[in-house]
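Coordinates in review
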Amino acid sequence: QVQLVESGGGLVQAGGSLRLSCAGSERTFSAYVMGWFRQAPGKEREFVAAITWSGGSTFYADSVKGRFTISRDSAKTTVYLQMNSLKPEDTAVYYCAAQVGRSSIYNRFAYDYWGQGTQVTVSG
């Protein structure tokens, strides 16, 4: 069982920055890709960014390209999401997820394990 714990959320003014962390259990090593998703009130959970454990390839939603950066530590136990130039529309609960099989990077239903989520609120 893969366990994921997010941290780093909070309240920030528009234009500010936050760094989210996702700490995985040792079995996170077996995951193919780690992703970040977000869900705003009344909306579906949407893809934000993802990174493959092996090669470190990264993928981003168009809405965050150039502002957010996903990365992993060398021990492959923690994934980060650096969020810069934050906008009020980035307000959501952010979830870390792990995908074991090699399926869709962008589809939330392809991910096998999820963290509990961390709230990000951007004030205008």
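Here is a short report on the structure shown in this document. (Residues numbered from 1 in each chain as written. Predicted model: local features only at pLDDT ≥ 70, side-chain atom pairs only at ≥ 80, totals over all residues. Heavy atoms only, no water.)

**As for the packing of aromatic side chains**
The criterion, for reference: Any pair of Phe, Tyr and Trp rings, taking the six-membered ring for Trp, is counted once the centres come within 6.5 Å. Such a pair is stacked with planes under 30 degrees apart, edge-to-face with planes over 60 apart, and tilted for the rest. Think of it this way: any DSSP run of H or I at least four residues long counts as a helix, any run of E at least two long counts as a strand, and we number them from the N terminus. Accessible area is worked out with a 1.4 Å probe on protein chains only. A residue is then buried under 20% of its type maximum, exposed over 50%, and partly exposed in between.
One pass over the structure, following the stated rule, counts 7 aromatic pairs. Measuring from ring centre to ring centre gives 5.0 Å for F37 and Y111, while their planes differ by 80 degrees; the resulting arrangement is edge-to-face. With F37 in strand β4 (residues 33-39) and Y111 in the loop between β9 (92-99) and β10 (113-114), the pair connects residues that are 74 residues apart, well separated along the chain. When the centroid spacing of 6.4 Å and the interplanar angle of 80 degrees are considered together, the rings of Y95 and W114 count as edge-to-face. Highlighted residues: Y95 in strand β9 and W114 in strand β10, separated in sequence by 19 residues. A relative accessible area of 28% means that W114 is categorised as partly exposed. Clustering of aromatic rings is evident, with ring pairs tying together F37, F47, F59, Y95, Y106, Y111 and W114.

**A word on the pairing of β4**
What counts here: For two strands to pair, DSSP has to find at least two bridges joining them.
With 6 of 7 residues buried, β4 is to be regarded as a mostly interior element. By the bridge criterion, 6 bridges tie β4 to strand β5 (residues 46-52) in an arrangement that is antiparallel. From the neighbouring strand, W36 faces β5, where its bridge partner is A49. A loop of 6 residues connects β4 with β5, the two strands running antiparallel in sequence, and G42 in this loop sits at a positive phi of about 80 degrees. Pairing of β4 with β9 involves 7 bridges; the strand directions are antiparallel. Of the residues in β9, the one forming a bridge with Q39 is V93.

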